[in-house]
Amino acid sequence: MQGLTGLEYVDCSKNQIEYLPIGLEDCHSLKTLLLKSNCIREVPADTCHLPTLEVVDLGDNLLEKAPPVNFTKNLQLFNVQGNKFNKGIFILYLYSLLA
């Protein structure tokens, strides 16, 4: 993802992706990461620690454990519903952690 560090929006939903692209953690402007309905089994820790992330959708993948997420003041939606590790709904709406 070299040269795309200013990227703010990624939607790769429904593409049978198994792995996140190398260098995604270098996209320090990324606000929205939509990876719903793929074949992702693991999310690197660095990817979910981007301070600008507002929306992360990893629903309906093959995750066996919850991704390590840094719940910053910017994060508003984190969806991992429909993965192997959870049997129920696991959607977090975070409107303001520092209110």
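Keep in mind it's a predicted model, so treat the numbers as computed, not measured.

(A) Layout of the overall build of the chain. For the chain, the count of helices and strands is zero helices and five strands. Each helix (α) and strand (β) of the chain, taken in turn from the N terminus, gives the series β-β-β-β-β. Classification of the 99 residues of the chain by burial places 35% in the buried group. Approximately 6100 Å² of the chain is accessible, and the part contributed by carbon and sulfur atoms is 53%.

(B) Summary view of the pattern of salt bridges. Overall, the coordinates contain three salt bridges when judged by the stated rule. One network of salt bridges, with partners in common, ties together Arg41, Glu64 and Lys84.

(C) Inspection of the nonpolar core at higher detail. Ranked by internal contacts, the top residues of the largest apolar core, which has 19 residues, are Leu30, Leu33, Val43, Leu53 and Leu58. Not counting residues within four places of it along the chain, the set of residues in contact with Leu33 comprises Val10, Leu24, Thr47, Leu53, Val55, Val56 and Asp57.

(D) Inspection of unusual backbone geometry at higher detail. Of note in this structure, Gln16 is not a glycine but carries a positive phi near 60°. By the secondary structure assignment, Gln16 is in the loop between strand E1 (9-11) and strand E2 (32-34). One non-glycine residue, Asp60, lies in positive phi territory at about 55°. Among the secondary structure elements, Asp60 is positioned in the loop between strand E3 (55-57) and strand E4 (77-79).

(E) Layout of the environment of Leu4. Locating Leu4 in the fold gives a position in the segment before E1. Under the relative-accessibility criterion, Leu4 is labelled partly exposed at 41%.

(F) Quick look at the confidence of the model for the chain. Put simply, the chain has an average pLDDT of 81, and 82% of its residues get 70 or more. Confidence drops under a pLDDT of 50 for residues 93-99, and excluding neighbours within four residues, the segment shows eight contacts in the predicted structure.

Rules behind the numbers
- Residues numbered from 1 in each chain as written.
- Predicted model: local features only at pLDDT ≥ 70, side-chain atom pairs only at ≥ 80, totals over all residues.
- Heavy atoms only, no water.
- Helix = DSSP H or I, 4+ residues; strand = E, 2+ residues; numbered from the N terminus.
- Buried < 20%, exposed > 50% of the residue type's maximum accessible area, 1.4 Å probe, protein only.
- Areas by Shrake-Rupley, 256 points an atom, 1.4 Å probe, with all protein chains shown as cover.
- Salt bridge = Lys/Arg side-chain N within 4 Å of Asp/Glu carboxyl O.
- Core = buried A, V, L, I, M, F, W, Y, C linked by side-chain atoms within 4.5 Å.
- Contact = heavy atoms within 4.5 Å.
- pLDDT = per-residue confidence, 0-100.

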